[in-house]
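These are the residues of each chain, in order.
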Amino acid sequence: MTDVQTESGVLAGEQRMLIDGELRYTDSGAMFDVVHPASEEVAGQATDGTVADMERAVGAARRAFDETDWSRDLDFRYHCLIQLHEALDRNKERLRRILVTEVGCPVTVSGSQIESPIEEVEHWAEHGKAFDYLVDTGIHPTQLGPARRKIHYEPIGVVGAITPWNVPFYLNIAETVPALMAGNTVVLKPAQLTPWSGSEYGRIVAEETDIPAGVFNVVVSNANEVGAALSADPRVDMITFTGSTATGRAILAAGAATVKKTLLELGGKSAHIVLDDADFDSALPMAAMMACVMSGQSCILPSRILLPRSRYDEGLEILKTMMEGFPVGDPWTPGVMQGPQISAAQREKVLGLINSGIDSGARLITGGGVPENLPTGYYTQPTLLADVDPDARISQEEIFGPVLTVTPYDTDDEAVAIANNSIYGLSGEVSGGDLDRAFAIATRIRTGNVTINGKSHFGITSPFGGTKQSGLGRRNGDEGYREYLEAKTIGMPA
Ligand code: ADP
């Protein structure tokens, strides 16, 4: 939670996209609406880019990679990214208001979506500057005599970054800045519901940094086919994507023809195993808060709570109390921690999944509908479902709403089996009094990340990503930087 100072009020962002150094509208002049989810009002518009705009942007990125010094001039890249860091920091309150306008994210909890990514730009600049791009591995015996081998880490080329709407500014930064620092050129395609977090980033790059034309491009569009065109374009060497597993599969398939490197961070259905010796009064209020704070629109949210049968009712009572008292309301109001869902369609999906859970035998403990005092805006009540069948749809599909499902278990082995009963493998959580036991269970959960006793796995210095159908590759940490580099081995006379 951050004590942020901001002017409140809806703010429209940059309407134009950045292609080849120019902020421009699509040729036809077509625009699409951006809706503020807390009021259901049109907040403004963005240019509706086309496949032709995407092709132009990819061409610019290709030229900038092939024909300029960007990929070879580390000092210049460092200079540009430090400039970008400072420029974003100057625009911080504007970016925050755009975020709240587009997403309905409460101002009170916006720090992790604004301050953190801005700090991360500086982190990547420093990490990239210090990175060892040439490693001499010494003399290796070969049949033709000894050979020295050096590994040269080189940028991959043109990187297409496709981002979702749930944490748009953060993910726009996370997917593009390490790629740029590593020497790649980038085309960013932000999500339809959140174009301004991308277009505003483009405006800042164009107006307030020395990043050359074509190195960074943003194509804003209301059409999925524009993202599809990016992922299929043979001039693109790598796609980095965050979003649904269904779209991730389509992107992987589209890149197959040209064997594109693909970094995917996809859906999750994380379980939180609460052991019988856990501190319920600390673990469970935190679990309920995490479910509500971004209106549940988070891929790493541990949305399946597994409670020991011996303490089942006690656990349900704590979760119920926390969810019923949770501050839901207008995202501009200080202290509010849960805003609306991002769209009417998204709320319909959440309510539909809650109903499917009830139909499959789950017991509704609290919530389940729209808050009576918030008839306007796409609000959903914090919702708690108990006795949830681990095979039911609501246990298997990502909900992306302020919903916790609770399932009882009898033994540690059963809890691990339920946690692993998922096509997803993004994250998870274990709460327990005996740290060795909790750690042993964490190692048995088949996911890329696990939190123990509320100590988050997530941060810029540690690798983050999914196993199974939650993704390919890692963001963050040194592993995350290396994703944007190719290792070239050069054999030479000793
Ligand atoms: P959601 O279903 O919640 O909108 P998606 O995973 O479909 O989430 O969207 C995330 C991003 O992927 C958005 O920027 C969207 O425009 C883009 N996208 C959607 N379909 C495709 C596709 N077939 N190829 C490439 N990008 C796509």
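Residues numbered from 1 in each chain as written. Predicted model: local features only at pLDDT ≥ 70, side-chain atom pairs only at ≥ 80, totals over all residues. Heavy atoms only, no water.

1. Observations regarding the sheet that holds strand β13 (residues 302-308)
Point 1. As summarised here, the arrangement of the seven strands in space is β14-β15-β16-β13-β12-β18-β19, forming an open sheet in which the pairing is mixed. Because the sheet does not close on itself, it has two edges, and the strands there are β14 (363-366) and β19 (451-452).
Point 2. Relative to β13, strand β12 (residues 270-274) is paired through four bridges, and the arrangement is parallel. The partner of A271 across the bridge, within β13, is R304. (Pairing = 2+ DSSP bridges. Helix = DSSP H or I, 4+ residues; strand = E, 2+ residues; numbered from the N terminus.)

2. What about the layout of surface pockets?
Point 1. Of the volumes computed, that of the second largest pocket is approximately 200 Å³.
Point 2. Forming the boundary of the second largest pocket are S71, R72, D73, L74, R77, Y133, H152, Y153, E154, P155, A182 and L485.
Point 3. Contributing elements (two or more residues each) for the lining of the second largest pocket: α2 (74-90) and β6 (147-155).
Point 4. With four residues, the single largest contributor to the lining of the second largest pocket is β6.
Point 5. Across the lining of the second largest pocket, the residue classes tally to six nonpolar, two polar and four charged. (1 Å grid on protein atoms, 1.4 Å probe; cavity = no way out; pocket = protein on both sides within 12 Å on 5 of 7 lines; lining within 4 Å. Points joined across faces, edges and corners; volume = space filled by probe spheres on them. Nonpolar A, V, L, I, M, F, W, Y, C, P; charged D, E, K, R; others polar.)

3. Here we look at the domain arrangement of the chain
Point 1. Each assigned domain of the chain is listed with its residue range as follows: domain 1 (4-266 + 471-493) and domain 2 (271-459).
Point 2. Domain 1 and domain 2 are separated by 31 Å when their C-alpha centres are compared.
Point 3. In this structure, the connection of domain 1 to domain 2 is made through zero salt bridges.
Point 4. If you look at where domain 1 meets domain 2, you find seven residue pairs in polar contact (both at pLDDT 80 or more).
Point 5. For the side of domain 1 that touches domain 2, the secondary structure elements donating two or more residues are β3 (31-36), α3 (92-103) and α8 (245-256).
Point 6. Examining the composition of the side of domain 1 that touches domain 2, we find that five residues originate from one element, α3, more than from any other.
Point 7. In terms of residue class, the side of domain 1 that touches domain 2 is built from 15 nonpolar, 12 polar and seven charged. (Domains from an automatic or database assignment. Salt bridge = Lys/Arg side-chain N within 4 Å of Asp/Glu carboxyl O. Polar contact = N/O pair within 3.5 Å; in protein donor to acceptor, adjacent residues only side chain to side chain.)

4. Topic: the sheet that holds strand β22 (residues 485-493)
Point 1. Spatial strand order, β5-β6-β22: three strands in an open sheet with antiparallel pairing. The open sheet terminates on both sides in strands that have one partner only, identified here as β5 (134-140) and β22. For this sheet the average axis-to-axis angle between neighbouring strands, irrespective of direction, equals 25°.
Point 2. Here β5 runs beside β6; their pairing, made up of five bridges, is antiparallel. Opposite H140, over in β6, you have A147 as the bridge partner. (Axes fitted to C-alpha atoms, helices over the stretch in contact; angles between N-to-C directions.)

5. Focus on empty space enclosed by the protein
Unfilled space is identified by rolling a water-sized probe across the atoms.
Point 1. By the definition in use, this model includes four cavities of 30 Å³ or more.
Point 2. Size it by volume and the largest cavity reaches roughly 80 Å³.
Point 3. Taken together, 13 residues line the largest cavity, and the ones lying closest to its centre are L301, S303, E398, I399 and F400.
Point 4. Partitioned by chemical class, the residues of the lining of the largest cavity number five nonpolar, six polar and two charged.

6. Some words on the site of the ligand
Point 1. Not every one of the 15 residues close to the ligand is listed here, only the nearest: T163, K189, Q192, S244 and T247.
Point 2. A228 is positioned with one of its backbone polar atoms (N or O) 3.4 Å from a nitrogen atom of the ligand.
Point 3. For the ligand, an oxygen atom lies 2.7 Å from a polar atom in the backbone of S244.
Point 4. Alone, the ligand offers 550 Å² of accessible surface; in the complex the protein occludes 77% of this.
Point 5. In terms of residue count, helix α7 (residues 224-232) provides more of the shell around the ligand than any other element does, three residues in total.
Point 6. Residues belonging to the shell around the ligand are distributed by class as follows: seven nonpolar, seven polar and one charged. (Near = heavy atom within 4 Å. Areas by Shrake-Rupley, 256 points an atom, 1.4 Å probe, with all protein chains shown as cover.)

7. Considerations on the pattern of salt bridges
Point 1. Taken as a whole, this structure holds 32 salt bridges when the rule is applied.
Point 2. R62 is the partner of D66 in a salt bridge, and the nearest nitrogen-oxygen pair spans 3.0 Å. Residue D66 and its partner R62 are both found in helix α1 (residues 51-67); the two are separated by four residues, about one turn of the helix.
Point 3. The class of D66 is partly exposed, set by a relative accessible area of 45%.
Point 4. Since its relative accessible area comes to 17%, R62 is described here as buried.
Point 5. Through salt bridges with shared partners, one network takes in R90, R94, E200, R203, E207 and E208. (Buried < 20%, exposed > 50% of the residue type's maximum accessible area, 1.4 Å probe, protein only.)

8. With respect to helix α14 (residues 435-444)
Point 1. Among all positions in α14, only A438, I441 and A442 are buried. For α14, the buried positions fall inside an angular range of 105° around the axis, keeping them on one side. Counted as exposed and oriented over 90 degrees from the buried face of α14: D436, F439 and T443.
Point 2. Buried positions along α14 lie against β12, α13 (412-419), β18 (428-431) and β19.
Point 3. Its side-chain oxygen placed 3.0 Å from the backbone nitrogen of D436, D434 serves as the N-cap of α14. (Arc of directions from axis to C-beta. Contact = heavy atoms within 4.5 Å.)

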